[in-house]
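Residue-level structure breakdown
The residues making up each chain are set out below.
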Amino acid sequence: MKKMHLKPVLIIFLIAVIARLLFAVSVYQPFAGRLGWANVPGEFEWEGGKSDDYAAIARNIVAGEGYKTCGKGGKLYPSLSRPPVYPFILALQFYLFGEEFWINAIINILYQSLACIIIYYLSLMIFEKKNIAIISGLIWALYPLPMLQAMGPFSESVYALFLVSFAYFFYKFYKLKETRYLVYFSVLMTILTLTRPISIVFPLFFLVITIINKDFSPGNKIKQVVIFSVIFMIGIVPWTYRAYKITGEIIPLVTYKKPLNYYMLKDQDIDKAELKKGFAGTFAEEIKNPLTYLKNKSMESVRFWYHSHTKRISIINALVQIPLLALSIPGIWWARKRRYLIFPIVLTVCFFWLAYGATHAIARYSLPVITLLCPFAAIGIINLVHTVFKTKSDFFLLRENQ
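Now for a quick tour of the structure. (Residues numbered from 1 in each chain as written. Predicted model: local features only at pLDDT ≥ 70, side-chain atom pairs only at ≥ 80, totals over all residues. Heavy atoms only, no water.)

**A short note on the environment of Ala358**
- Tracing the chain through its elements places Ala358 in helix α15 (residues 343–359).
- According to the relative accessible area criterion, Ala358 is partly exposed, its value standing at 27%.
- When the C-alpha positions of Ala358 and Ser298 are compared, they lie 8.5 Å apart, and in sequence the two are 60 residues distant. (Helix = DSSP H or I, 4+ residues; strand = E, 2+ residues; numbered from the N terminus. Buried < 20%, exposed > 50% of the residue type's maximum accessible area, 1.4 Å probe, protein only.)

Dropping the structure here:
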């Protein structure tokens, strides 16, 4: 860490930690019970089964029961609906520190706060402007929506850290063209996919990017695709094989087809047609009317930035997310006009936006992606301040020689 950047980085990190602790004390704890966020007493888990099963799997791992979830009658079954990275991270936390709320919430707070540091250096690498880097880090440090996800056993906090770390090395590879950065971002993308399966199709996306990129020779492009694919398969194939051994089906990473039903078919009257329907079956039905399908998916891609399970939360999301998007768009345009290398970051945002818009368009899943928009939102803020206040301060100017 360069000494000249140590002070702003530490200040941004501390601001992020303090902001989240204040949120926990002044917002989360007073309103948790009323809004359905309350933790199970003595456990880092939300009441009412709202914790995505991560804590239950982690507890079973610590207890020596394996990677399992609880079915009918308290019987344990191998979990097929959650990828392994976050449950194992959470299991390590439970093993080392116990299951109490505060220690695990603070760990999540640290994950989110560490992301500020990566955002700072990512912004600095792209624009070589300290003011943009500082504002980028502060946006995430003070951004309110992710703070709630730090209060429970959800993958958002660690996923945001993994995602911005991936973006850092992804960008660095295209800027410096060194193979070691290709290896780093390949490993991080594999970890991302084993944290959330949405990026299971990223290899195809990477293949397209590599083919159309004019900065590499054909031989170098083949090398990139091979290195990325081998690393990705090393991480994904063992988990796919596990699912095959359990179900007899080829499941790339997880299944949301009521996975417990795989073990209950012999004991209960299960609708096998419904069990087999899954995402592919639903897609086959929807695509029969292509125009309606495209219209619905376009609307879901917009809803991805604000939609929640309740109208109240959706409105709150929209009030926070839409201004940030409105600031990011002119920031991207400004950077493009000045020929900054921004396509690795912009394309990564587009990948997750389109992938989630086509599968699970809910604002909760947009929060890690916001980390990648922070540099462009920072430019939008600087230009807005300069336009409104006509400031002469160097901090709020975007000079090319800064």
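**Points about the packing of helix α7 (residues 156–176) against helix α9 (residues 202–212)**
- Two numbers describe how α7 lies on α9: the axes approach to 14 Å, and their chain directions differ by 20°. Here α7 is positioned roughly parallel relative to α9, judged by the angle of their axes. For the crossing formed where α7 meets α9, the hand is right-handed. The residues of α9 that touch α7, namely those facing Phe166, Phe170 and Tyr174, are Phe202, Phe206, Ile209 and Thr210.
- Along the lines of polarity and charge, the residues of the contact of α7 with α9 split into 6 nonpolar, 1 polar and no charged. (Axes fitted to C-alpha atoms, helices over the stretch in contact; angles between N-to-C directions. Parallel < 35°, antiparallel > 145°, perpendicular 65-115°, else oblique. Left-handed = near helix turned anticlockwise from the far one by under 90°. Contact = heavy atoms within 4.5 Å. Nonpolar A, V, L, I, M, F, W, Y, C, P; charged D, E, K, R; others polar.)

**Examining the packing of aromatic side chains**
- If you walk through the whole model with that rule in mind, you get 42 aromatic pairs.
- Ring geometry for Phe202 and Phe228: centres 6.0 Å apart, planes at 50°, overall tilted. Taken together, the positions of Phe202 in helix α9 and Phe228 in helix α10 (residues 218–247) put the pair 26 residues apart, joining distant regions of the chain. The exposure classification of Phe202 matches that of Phe228, with both residues buried.
- Between Phe351 and Phe352, the aromatic rings sit 5.1 Å apart at their centres with planes inclined by 85°, giving edge-to-face as the arrangement. A single burial state applies to Phe351 and to Phe352, both of which are buried.
- The lysine or arginine in question, Arg196, covers the ring of Tyr159, its NZ or CZ lying 4.7 Å from the ring centre.
- The ring centre of Trp239 lies 4.5 Å from the NZ or CZ of Arg242, which sits over that ring. (Phe/Tyr/Trp six-rings, centres within 6.5 Å; stacked < 30°, edge-to-face > 60°. Lys NZ or Arg CZ within 6 Å of the ring centre and 35° of its normal.)

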